Number of protein chains: 2
Amino acid sequence: MPTLDTAFSALSDPTRRAILARLALGEATVLELGKPFKMTQPAISQHIKVLQGAGLIVRRVDGTRRPCSLSKPGFEAMDQWLAMLREAFEKNYDRLDHVLAGMKLENGEKRDE
Amino acid sequence: MPTLDTAFSALSDPTRRAILARLALGEATVLELGKPFKMTQPAISQHIKVLQGAGLIVRRVDGTRRPCSLSKPGFEAMDQWLAMLREAFEKNYDRLDHVLAGMKLENGEKRDE
């Protein structure tokens, strides 16, 4: 089962990130995905397997083709986790804004300056 | 130097994600960070080192204390990379909306239904 462990681990490799970036433009076959890389087909297939196992891509059957595309649920799980950190930074900045506004008032400056 | 490789790799461990989640609430010392885990102090310190090396946390000197806190630049690098995937999903949904709207019109239904 895909987990945050396998999802983040899958993203730690530049080739796998490049594959996902290509898929962001639309679905593609393993052959198409392999073209930009100086890599054997089995090596690319292995990366695809890791991304599938991590729940980041899915493949569909289209006659003899099996095109890959991005999988939203795997991505959303990571994005939700990172949203927690994003909110923490935003809260810290809000606090800093209040502190700075308070400092300005203490110095007798106007709040709008 | 921190890279996306080391940043995503650092997030693939549940203890390290728990440490970051704790730091999202505010800065903490290594001793404080270790409390919720059944782990030796050196094991926690090793996780902290990985997070520091990945550019995800920073430490400051406060007398004899060296509290850790989240580092915004390391987080932003990952967030920007993931934003590229986020936009791809949004575009796909927009395209799907248009397709569905077109199908409804073809079926003689009103667009607002």
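The structure reproduced in this document is the subject of the present report. Remember, predicted model here, so these are calculated numbers, not experimental data.

How each quantity is defined
Residue positions are given per chain, counting from 1 as you read along its sequence in written order. Here every chain gets a letter starting at A, and every ligand a number starting at 1, in the order they are written. For this predicted model, a pLDDT threshold of at least 70 governs which residues receive local features, and a threshold of 80 or more governs which side-chain atom pairs are given and counted, while totals over whole chains, interfaces and linings are taken from all residues. Processing note: side-chain calculations cover all non-hydrogen atoms of the structure and skip hydrogens and water entirely. Each helix is a run of DSSP H or I of at least 4 residues and each strand a run of E of at least 2, with the numbering of both proceeding from the N terminus. Only the stretch in contact is used when fitting a helix axis, every axis being a line fitted to C-alpha atoms; angles between N-to-C directions are given from 0 to 180 degrees. By definition in this entry, angles of less than 35 degrees are roughly parallel, angles greater than 145 are roughly antiparallel, angles of 65 to 115 are roughly perpendicular, and the rest are oblique. Throughout, a contact is declared for two residues whenever any of their heavy atoms are within 4.5 Å. Each residue is assigned to one of three groups, with Ala, Val, Leu, Ile, Met, Phe, Trp, Tyr, Cys and Pro labelled nonpolar, Asp, Glu, Lys and Arg labelled charged, and all others, Gly among them, labelled polar. Working definition: a ring pair exists when centres of Phe, Tyr or Trp rings (six-membered ring for Trp) sit within 6.5 Å. Plane angles under 30 degrees give stacked, over 60 give edge-to-face, the rest tilted. Three labels apply to residues, based on accessible area from a 1.4 Å probe with only protein chains included: buried if under 20% of the type maximum, exposed if over 50%, partly exposed otherwise in between. To form a nonpolar core, buried Ala, Val, Leu, Ile, Met, Phe, Trp, Tyr and Cys residues must be joined to one another through side-chain atoms within 4.5 Å. Only residues with pLDDT of at least 70 in both copies contribute their C-alpha atoms to the least-squares superposition of the copies. Throughout, the accessible surface (probe 1.4 Å) given up by two parts as they are put together, summed over both, is called the buried area. For salt bridges, the criterion is a side-chain nitrogen of Lys or Arg within 4 Å of an Asp or Glu carboxyl oxygen. In the analysis that follows, any N or O atom pair within 3.5 Å is treated as a polar contact, provided that within protein one partner can donate a hydrogen and the other can accept it, and provided that, for residues neighboring in sequence, both atoms belong to side chains.

## Thoughts on the overall build of chain A
- Secondary structure assignment for chain A yields 5 helices and 2 strands.
- Reading chain A from its N end, one meets helices and strands in the order α-α-α-α-β-β-α.

## Describing the packing of helix H2 (residues 14-23) of chain B against helix H4 (residues 41-53) of chain B
Residue and element names in this part refer to chain B.
- The N-to-C vectors of H2 and H4 enclose an angle of 75 degrees; their axes lie 10 Å apart at closest approach. When the interaxial angle is binned, H2 and H4 end up roughly perpendicular. Residues Thr15, Arg16, Ile19 and Leu20 of H2 lie in contact with H4, whose contacting residues are His47, Ile48, Val50 and Leu51.
- Broken down by class, the residue content of the contact of H2 with H4 amounts to 5 nonpolar, 2 polar and 1 charged.

## Remarks on the packing of aromatic side chains
Residue and element names in this part refer to chain A.
- Under the counting rule described, the total for this entry stands at 5 aromatic pairs over all chains.
- On the numbers, 6.0 Å between centres and 75 degrees between planes, the contact of Phe8 with Trp81 is edge-to-face. Of the two residues, Phe8 is situated in helix H1 (residues 4-10) and Trp81 in helix H5 (residues 72-106); the sequence distance between them amounts to 73 residues.
- Assessed through its relative accessible area of 13%, Trp81 is described here as buried.

## Some thoughts on the nonpolar core
- Counting residues in hydrophobic clusters, the biggest one holds 52 residues, and the most contacted among them are A:Leu20, A:Leu56, A:Leu82, B:Leu20, B:Leu56 and B:Leu82.
- Apart from residues no more than four positions distant in its own chain, B:Leu56 is found in contact with B:Ala7, B:Ala10, B:Leu11, B:Leu20, B:Leu51, B:Ser69, B:Leu70, B:Ser71, B:Gly74, B:Phe75 and B:Met78.

## Notes on the environment of A:Gly74
Residues and elements named next belong to chain A.
- Within the secondary structure layout, Gly74 lies in helix H5.
- In this structure Gly74 comes out as buried when scored by relative accessible area, which is 13%.
- In the structure, Gly74 is positioned 17 residues away from Ile57 in sequence and 8.0 Å away in space, judged by C-alpha atoms.
- Among all residues touching Gly74, those that are not within four sequence positions of it are Gly55 and Leu56.

## A word on the relation of the copies chain A and chain B
- With an axial shift of 0.0 Å and an RMSD of 0.0 Å, the rotation relating chain A to chain B amounts to 180 degrees. The two molecules are tied by a two-fold rotation axis, judged by turn and shift.
- When the interface residues of chain A are mapped onto chain B, 100% of them again fall at the interface, so both copies present the same face.

## Concerning the interface of chain A and chain B
- Contact residues are listed per partner, giving 25 residues for chain A and 25 residues for chain B.
- Looking at the side of chain A facing chain B, the largest losses of area belong to A:Arg17, A:Phe75 and A:Phe89, adding up to 24% of the total buried there.
- Viewed at the interface, chain B and chain A are joined by 4 salt bridges.
- Between B:Asp5 and A:Arg17 there is a salt bridge, with its nearest N and O atoms 2.8 Å apart.
- Joining chain A to chain B, the criterion identifies 4 residue pairs in polar contact (both at pLDDT 80 or more).
- Listed by contribution, the elements that provide at least two residues to the side of chain A that touches chain B are H1, helix H2 (14-23) and H5 of chain A.
- For the side of chain A that touches chain B, the element with the most residues is H5(A), which contributes 12 residues.
- When its residues are assigned to classes, the side of chain A that touches chain B shows 17 nonpolar, 3 polar and 5 charged.

## Looking at the side chain of A:Arg17
- Structurally, A:Arg17 is set in helix H2.
- What makes A:Arg17 buried here is its relative accessible area of 9%.
- Contact partners of A:Arg17, with chain neighbours within four places excluded, come to A:Leu11, A:Ser12, B:Leu4, B:Asp5, B:Phe8 and B:Trp81.

## Regarding the side chain of B:Ser71
- Counting through the fold element by element, B:Ser71 comes out in the loop between strand S2 (68-70) and helix H5 (72-106).
- Residue B:Ser71 is classed as buried on the basis of its relative accessible area of 11%.
- In terms of polar contacts, B:Ser71 uses its side chain to reach the backbone carbonyl oxygen of B:Gly55, at 3.3 Å.
- If sequence neighbours within four positions are ignored, B:Ser71 has contacts with A:Phe89, B:Gly55, B:Leu56, B:Ile57 and B:Val58.

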